[in-house]
Amino acid sequence: PESKTKSILTKLSSSSTSWQTSTFQNAPFSSSENNSTTANNNTNPDVLIWTTGSQFNNNANSNHNNNNTTPPKLYHGHDTTAIRSAALIPMKSKDLYDLLLDSKRIQEYNKFSLGRNDVLVLDATTNKNNNSCTKITIAKSKPPVIRTVIEMKNVMHGTNTENGYIIVSRSVHIHDDNNNSDASSSGGDNILTVHLIVENDEDDSSCMLINITHLKPSSFIPQMVARRVGLMAATNFMHDIITAIKSS
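Predicted model, so just to flag it, every value in this text is computed and none were measured.

**Q** Outline the overall build of the protein chain, supporting the account with residue identities and numerical values.
**A** Summing up its helical and strand segments, the protein chain has four helices and eight strands in all. Taking contacts inside the protein chain between residues at least 6 apart in sequence as the whole, the part at least 24 apart equals 64%. For the protein chain, the computed accessible surface area is about 13,800 Å², with 50% contributed by carbon and sulfur atoms.

Next up, the structure:
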């Protein structure tokens, strides 16, 4: 966990039923809190942040060298930071799922977005009974610090789970008639983005949103800058979506 997240969790007892202590549970949570750390308050709500990074690669290599064992297999993206964030959102879980999946509404909550277009929607997987949808999208954004427009081509899939909903996306490359792949998206490689929406058993007017973002930036974006922007974006995304919901 990042330092602020660690401080928040340290202050909570292990027996607390707060949503902050439920982010790693594979089950609906129960929380009806109404204090300064929840999304129902006008002050900035809590956003919990965890990160990984190249230190895992360094540790793995260190253990290999010390133990004279076979070197670990390094997977694509092992040297870039993955960010996990969580927050309590003042919206019903199904409404939040519909909001995040709808490309036409992305600018309602993402101030850095320049729009997201659905290139292809696979009708066979759009099922009103299980809320599933698969599509290919092209999204453009202009994050702070990075002085260029970022374009990402992604395949996105959303569906319901036992405890709520999930949306998963990752980069794709579009081929022409000669089977030539287009150049990498200007934003780099979206290795994995996940929106996990967990239902609140005690108050269905709110839910927990857990995001995982693992991006491999383009070569012109330094790793240090990408990490700083990623952490800022993870927090701002939660604050902005809560603000948008309150003002709607």
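Having put the structure on the table, let's press on.
**Q** Give me the nonpolar core: which residues, what numbers.
**A** Residues Ile89, Leu96, Leu100, Tyr109, Ile197, Leu209 and Ile241 are the most contacted members of the largest nonpolar core, which totals 28 residues. When residues of this core are traced back to their parent elements, those giving at least two are β2 (82–89), α3 (93–101), β6 (164–171), β8 (207–216) and α4 (223–247). When residues of this core are assigned to their parent elements, the largest contribution, eight residues, is made by α4.

**Q** Can you explain the packing of aromatic side chains? Please cite residues and give values.
**A** Evaluation of the coordinates by the stated rule reveals three aromatic pairs. Taking the centre distance of 5.7 Å and the plane angle of 85 degrees together, the rings of Tyr109 and Phe237 count as edge-to-face. Taken together, the positions of Tyr109 in the loop between α3 and β3 (113–121) and Phe237 in helix α4 put the pair 128 residues apart, joining distant regions of the chain. According to the relative accessible area criterion, Phe237 is buried, its value standing at 16%. Taking the ring centre of Phe24 as reference, the NZ or CZ of Arg84 above it sits at 3.8 Å.

**Q** Give me the pattern of salt bridges: which residues, what numbers.
**A** Where charged atoms from two side chains of opposite charge approach closely, those side chains can pair. Per the stated rule, a full pass over the model turns up seven salt bridges. Across the pair Asp98 and Lys94 runs a salt bridge, and its minimum N-O distance is 2.8 Å. Of the two residues, Asp98 and Lys94 both sit in helix α3, four residues apart, roughly one turn of that helix. The class for Asp98 is partly exposed, based on a relative accessible area of 31%. Lys140 is the partner of Glu151 in a salt bridge, and the nearest nitrogen-oxygen pair spans 3.8 Å. Placement of the pair is Glu151 in strand β5 (residues 150–161) and Lys140 in strand β4 (residues 133–141), with a sequence separation of eleven residues.

**Q** Account for the pairing of β5, naming residues and giving values.
**A** Pairing geometry for β4 and β5, over nine bridges, is antiparallel. Its bridge partner lying in β5, Ile138 is registered against Lys153. Inspection of the sheet shows β5 paired to β6 by eight bridges, in the antiparallel sense. Within β6, the position partnered with Asn160 by the bridge is Tyr165.

**Q** Which residues make up the sheet that holds β8, and what values do they have?
**A** What the eight strands build is an open sheet, ordered β1-β2-β8-β7-β6-β5-β4-β3; its pairing is antiparallel. The sheet is open, and its two edges are formed by β1 (48–51) and β3, each paired on a single side. In this sheet, adjacent strand axes meet at a mean angle of 20 degrees when their direction is disregarded. The pairing of strand β7 (residues 189–199) with β8 spans ten bridges and is classified as antiparallel. Paired with Val194 across the bridge in β8 is Ile212. Helix-sheet contacts for α3 involve β2, β3, β4, β5, β6, β7 and β8, and the interaxial angle to β6 is about 15 degrees.

**Q** Explain the environment of Leu120 to me, using residue names and the numbers behind them.
**A** Checked against the element boundaries, Leu120 lands in strand β3. It is 9.2 Å that separates the C-alpha atoms of Leu120 and Val155, two residues lying 35 residues apart in sequence. In this view, Leu120 contacts Thr134, Lys135 and Ile136; residues no more than four positions away in its chain are not counted.

**Q** Residues and numbers for the side chain of Asp240, please.
**A** Mapped onto the elements of the fold, Asp240 is located in helix α4. For Asp240, the residues in contact, after removing those within four places along its chain, are Tyr109 and Lys111.

**Q** Residues and numbers for the environment of Met156, please.
**A** Looking at where Met156 falls in the secondary structure, it is placed in strand β5. When sequence neighbours within four positions are dropped, the list of residues in contact with Met156 reads Leu101, Arg116, Cys133, Thr134, Lys135, Ile167, Val168 and Ser169.

Cut-offs and rules
Residues numbered from 1 in each chain as written. Predicted model: local features only at pLDDT ≥ 70, side-chain atom pairs only at ≥ 80, totals over all residues. Heavy atoms only, no water. Helix = DSSP H or I, 4+ residues; strand = E, 2+ residues; numbered from the N terminus. Contact = heavy atoms within 4.5 Å. Areas by Shrake-Rupley, 256 points an atom, 1.4 Å probe, with all protein chains shown as cover. Core = buried A, V, L, I, M, F, W, Y, C linked by side-chain atoms within 4.5 Å. Buried < 20%, exposed > 50% of the residue type's maximum accessible area, 1.4 Å probe, protein only. Phe/Tyr/Trp six-rings, centres within 6.5 Å; stacked < 30°, edge-to-face > 60°. Lys NZ or Arg CZ within 6 Å of the ring centre and 35° of its normal. Salt bridge = Lys/Arg side-chain N within 4 Å of Asp/Glu carboxyl O. Pairing = 2+ DSSP bridges. Axes fitted to C-alpha atoms, helices over the stretch in contact; angles between N-to-C directions.

These values are about where atoms sit, not about what they do.
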